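A look at the structure
Read off the chains here:
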Amino acid sequence: DLAVDPQGRPPLKPYATTAALVAGCRRIFGRVHPDFGRKFDRIRAKGYLDLDSRKGKAPGGYMCGFDAERMPFIFVNGTGRHQDVQTLLHEGGHAFHTLLAYGQDFHFNQGYPIEFAEVASMGMELLAAPHLGAFYGEADARRAREQHLESMLDLFAWIATIDAFQHQVYLGQDRRAAWAEVRQRFKGADDWTGYRAEHAALWQRQMHLFGSPFYYIEYAIAQIGALQ
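Residues numbered from 1 in each chain as written. Predicted model: local features only at pLDDT ≥ 70, side-chain atom pairs only at ≥ 80, totals over all residues. Heavy atoms only, no water.

**With respect to the overall build of the chain**
Helix and strand counts for the chain come out as nine helices and three strands. Along its sequence from the N terminus, the chain presents helices and strands in the succession α-α-β-β-β-α-α-α-α-α-α-α. Computed over its C-alpha atoms, the radius of gyration of the chain comes to 19 Å, within 12% of the 17 Å expected for a compact globule of 228 residues. Across its three principal axes, the chain shows a C-alpha extent of roughly 50 × 50 × 40 Å. Among the 228 residues that make up the chain, the fraction classed as buried is 43%. Restricting the contact set of the chain to residue pairs at least 6 apart, pairs at least 24 apart contribute 63%. Between the centroid of the 25 positive side chains of the chain and the centroid of its 26 negative side chains there is a distance of 5 Å. (Helix = DSSP H or I, 4+ residues; strand = E, 2+ residues; numbered from the N terminus. Rg over C-alpha atoms; globule rule 2.2 N^0.38 Å. Buried < 20%, exposed > 50% of the residue type's maximum accessible area, 1.4 Å probe, protein only. Contact = heavy atoms within 4.5 Å. Lys, Arg positive; Asp, Glu negative; His and termini not counted. Charge placed at Lys NZ, Arg CZ, Asp CG, Glu CD.)

**Things to note about the sheet that holds strand β2 (residues 61–66)**
Spatially, the three strands line up as an open sheet ordered β1-β3-β2, and their pairing is mixed. The outermost strands of the open sheet, each flanked by one partner alone, are β1 (49–52) and β2. On average, each strand axis in the sheet is tilted by 10° relative to the strand beside it, whichever way the strands run. Bridge analysis of β1 against strand β3 (residues 71–78) gives three bridges, and the strand direction is parallel. Looking across to β3, one finds that Asp52 is bridged to Gly78. (Pairing = 2+ DSSP bridges. Axes fitted to C-alpha atoms, helices over the stretch in contact; angles between N-to-C directions.)

**Observations regarding the pairing of β3**
Counting buried residues along β3, eight of its eight residues qualify, which places the element largely inside the surrounding structure. Going residue by residue along β3, you find Met71, Phe73, Phe75 and Asn77 tucked away on one face and Pro72, Ile74, Val76 and Gly78 tucked away on the opposite face as well. Where β2 folds back on β3, the antiparallel hairpin that results is connected by four residues, among which Arg70 adopts a positive phi of roughly 60°.

**Here's the deal with helix α3 (residues 82–102)**
Three- or four-residue spacings in an α-helix give side chains the same orientation, since the helix completes a turn every 3.6 residues. With 21 residues, α3 ought to run about 30 Å at 1.5 Å a step, and its terminal C-alpha atoms sit 30 Å apart, in line with that. Burial of α3 is extensive: 19 of the 21 residues sit out of reach of the surface. (Expected span 1.5 Å × (residues − 1).)

**Concerning the environment of Pro213**
Following the sequence through the fold, Pro213 ends up in the loop between α8 (208–211) and α9 (217–227). The class for Pro213 is partly exposed, based on a relative accessible area of 47%. Considering only alpha carbons, one finds Pro213 and His167, 46 residues apart in sequence, at a separation of 9.8 Å. Apart from residues no more than four positions distant in its own chain, Pro213 is found in contact with Gln166, Tyr170 and His208.

**Section: helix α2 (residues 34–45)**
Spanning 12 residues, α2 covers 17 Å between terminal C-alpha atoms, matching the ideal 16 Å at 1.5 Å per step. On its buried side, α2 packs onto α1 (18–32), β1, β3, α3 and α4 (114–128). Gly47 sits one or two residues past α2 and shows a positive phi near 80°.

Laid out in structure tokens, this is it:
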């Protein structure tokens, strides 16, 4: 289990209710820039936040735009984890980017290319990081920031693996052989002895491989932009 806390600490518990999640992220957005706080208030006032977990609701999170109304809608399946905070901050970045783009007169200027879309959302996560005291005491806020930065290192290696794997498969290489080759090139210190069959199928966890061929390297490009 590579997600276990190495010091044996329990998971971070940032909030107990959806209202607390909204209030905490509102404080963070306002601290990053007052205009972001006002934009978030507009989205909330329209009822365009679907954040509660409920039976039958899809997992994950996303932002989509209502083009006719020129307003964003944010979807999160919140369960009280720190990841929910990161997701709402991330999707908030998309939402503010979308609102600014909607300010353009011409429809073809109201969108943005995929290699830049994630810069706004990943950038918002980093801009928000100094303000996680809206949810935590000093020690837990520092822990959350450390985990976030560590996850970026893992993400770069994983994106490189998925991107290289796609190129190998589309060139005609057997997917099992391709996966073994690229994992050997990019893997960490994890030991899969006794679980070779599971390891050979690990690529299936990445949904982009099924629905968006060659799309995923953009996340690494965007993360570099966000870090800058």
